[in-house]
Amino acid sequence: MKKFIFVVIVLATGIALGVYFQKQSKTQQIETQAQTAAERAGEAVKSGVEQAETVATNVAAKVKDAATNVASHVKEVTTNAISEVKEKYDSVTH
C-alpha cells in the first residue's frame, strides 16, 4: 500500500511538472510571437514615417517651384505694365 501511494505521488508530481513545463514553452512562444509582432509593427511605422518624409520633401520642392514660377510671372507682368505706362507717358509728354 505504501508503494502504491508513493507511485501515485511520483506520477502526480511528474504530471504536474510536465504540465508546468508545457505551459512555460507556450508562454515563451507567445512572448516570442508578441516580440516579433512588435518589431514588425515598429518597422512598419518607421517605413511609414520615411514615406511621409519623402512626400513632404516632394511637396515642398513643388511648392518652391510653383512659387518661383509665380514670382517670375508677376515680375514679367509688372515689367510689361511699367513699360506700357512709360511708353504712354513718353507719348503724352512729347
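Here the structure is shown first, and the text comes after it.
The following paragraphs examine the structure supplied in this document. (Residues numbered from 1 in each chain as written. Predicted model: local features only at pLDDT ≥ 70, side-chain atom pairs only at ≥ 80, totals over all residues. Heavy atoms only, no water.)

Along the backbone of the chain there are one helix and zero strands. Its C-alpha atoms give the chain a radius of gyration of 40 Å, more than 25% over the compact-globule value 12 Å for 94 residues. For the chain, the spread of C-alpha atoms along the principal axes amounts to about 140 × 10 × 5 Å. Looking at the chain as a whole, 0% of its 94 residues qualify as buried. Of the roughly 8700 Å² that the chain leaves accessible, carbon and sulfur atoms contribute 65%. Between the mean site of the 11 positive side-chain charges and the mean site of the 10 negative ones, the chain shows a separation of 23 Å. (Helix = DSSP H or I, 4+ residues; strand = E, 2+ residues; numbered from the N terminus. Rg over C-alpha atoms; globule rule 2.2 N^0.38 Å. Buried < 20%, exposed > 50% of the residue type's maximum accessible area, 1.4 Å probe, protein only. Areas by Shrake-Rupley, 256 points an atom, 1.4 Å probe, with all protein chains shown as cover. Lys, Arg positive; Asp, Glu negative; His and termini not counted. Charge placed at Lys NZ, Arg CZ, Asp CG, Glu CD.)

So, on to a nonpolar patch on the surface. A surface patch of nonpolar side chains, about 570 Å² in accessible area, is lined by Met 1, Phe 4, Ile 5, Val 8 and Ile 9. Counting through the fold element by element, Ile 9 comes out in helix α1 (residues 2-93). (Patch = residues over 30% accessible without salt bridge, like charges linked within 9 Å, V, L, I, M, F, W, Y side chains within 5 Å. Salt bridge = Lys/Arg side-chain N within 4 Å of Asp/Glu carboxyl O.)

So, on to the environment of Phe 21. Structurally, Phe 21 is set in helix α1. Considering only alpha carbons, one finds Phe 21 and Val 70, 49 residues apart in sequence, at a separation of 73 Å.

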